[in-house]
Amino acid sequence: MTDFHTHILPGIDDGSQNVETSVQMLAFAKKQGIDTIVATPHFNIEYESIEHFEHKRARAAEALKTAVKGTELEKIKLLLGAEVALTPGLSRKESFNRLCMEGTNCILLELPMNDWTSWVYNEVYAAMAMSYIPILAHIERYTAIKANIKKINIFEEMDLCFQINSGSFFQFKYKKIINRFIKNRKTIVLGSDTHNMTTRKNDMGNAVSRIEKKYGKHIAEKFEKNAKMLIDGSFGT
Ligand SMILES: [Fe+2]
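Residues numbered from 1 in each chain as written. Predicted model: local features only at pLDDT ≥ 70, side-chain atom pairs only at ≥ 80, totals over all residues. Heavy atoms only, no water.

For the rest of this paragraph, the subject is the pattern of salt bridges. Here the structure, examined in full by the defined rule, presents eleven salt bridges. In this structure, the salt-bridge partner of K228 is E224, at a minimum N-O distance of 2.7 Å. With K228 and E224 both in helix α8 (residues 217-232), this residue pair falls four residues apart, about one helical turn. Assessed through its relative accessible area of 37%, K228 is described here as partly exposed. Salt bridges sharing partners connect three or more residues here, namely K30, E72 and K75. (Salt bridge = Lys/Arg side-chain N within 4 Å of Asp/Glu carboxyl O. Helix = DSSP H or I, 4+ residues; strand = E, 2+ residues; numbered from the N terminus. Buried < 20%, exposed > 50% of the residue type's maximum accessible area, 1.4 Å probe, protein only.)

Next up, the structure:
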């Protein structure tokens, strides 16, 4: 099972605050059947350079890898990525490609919560036009959609990849939008968006059981297949 969205790296953002917590998070993920984790710390180009972020991320990943060396947890595939805040002009920045998930041209984008005006659509479109694969992070959570469901139409028409948080499958307020994506056969990948071992624990295992029960095993399998194809580069080919 692949977890496409996590804040598992230690001391880099508002996720895991230390190596011990990251090791616990890794162990908890393994228990649920996760074998591939994409580490997606927050990144915002308005506050930090890409070079600085990469340096910080590499150091955090190294600390975690060292801590699990020689244990069963070492077998979990850890890919480096980022949850990139969409800002005006982002796609035109030099080194934009370095924000992609390791070994791929996929980029996990966090949209503004509410301000979905033309620049948001243009920016996502520009990334696509440059042959990147934008994946919209936790698409069900934005207040822009809550206020006006039509705001999602353009993204649906663009046939983008959408990431849904596993925890959202347990919340009534997201039922309508999730059902809509599944009904419209949109490309979905799952992510836990786990931040810690207390308030935002990984619940991918439970979510997949729920998805299988509610929508059918084939839907859960499709989500996983999408994740695998995005990682190995065969998506869309
Ligand atoms: Fe996140």
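Those donors, H5 (NE2), H7 (NE2), E83 (OE) and D193 (OD), are the protein atoms that reach the iron ion, and they lie 2.1 to 2.2 Å from it. Around the iron ion sit four donor atoms, and with donor-metal-donor angles ranging over 81 to 165° the site reads as irregular. Sequence spacing among the residues donating to the iron ion works out to H-x1-H-x75-E-x109-D. Taken individually, H5 and H7 each receive the classification buried, so the pair is uniform in this respect. (Donors = N, O, S within 2.8 Å, 3.2 Å for Na, K, Ca; no water. Tetrahedral: all angles 85-135°; square planar, octahedral: opposite > 155°, others 65-115°.)

Let us look at the packing of helix α7 (residues 204-215) against α8. Remark: α7 packs on α8, axes separated minimally by 6 Å, with the N-to-C direction vectors making an angle of 135°. Compared by their axis directions, α7 and α8 come out oblique. Packed against α7, whose contacting residues are V208, I211, E212 and Y215, the element α8 presents K217, H218, I219, A220 and F223 at the interface. The residue makeup of the contact of α7 with α8, split by class, is six nonpolar, one polar and two charged. (Axes fitted to C-alpha atoms, helices over the stretch in contact; angles between N-to-C directions. Parallel < 35°, antiparallel > 145°, perpendicular 65-115°, else oblique. Contact = heavy atoms within 4.5 Å. Nonpolar A, V, L, I, M, F, W, Y, C, P; charged D, E, K, R; others polar.)

As a further point, take unusual backbone geometry. Of note, H138 is a non-glycine position whose phi angle comes to about 25°, a positive value. The topology assignment puts H138 in the loop between β7 (133-136) and α4 (143-147). Classification of H138 by relative accessible area gives buried; the value is 2%. Positioned with a positive phi, D159 is a non-glycine residue whose angle comes to about 60°. Examined against the element boundaries, D159 turns out to sit in the loop between α5 (153-157) and β8 (161-165). Overall, the relative accessible area of 53% leaves D159 in the exposed class.

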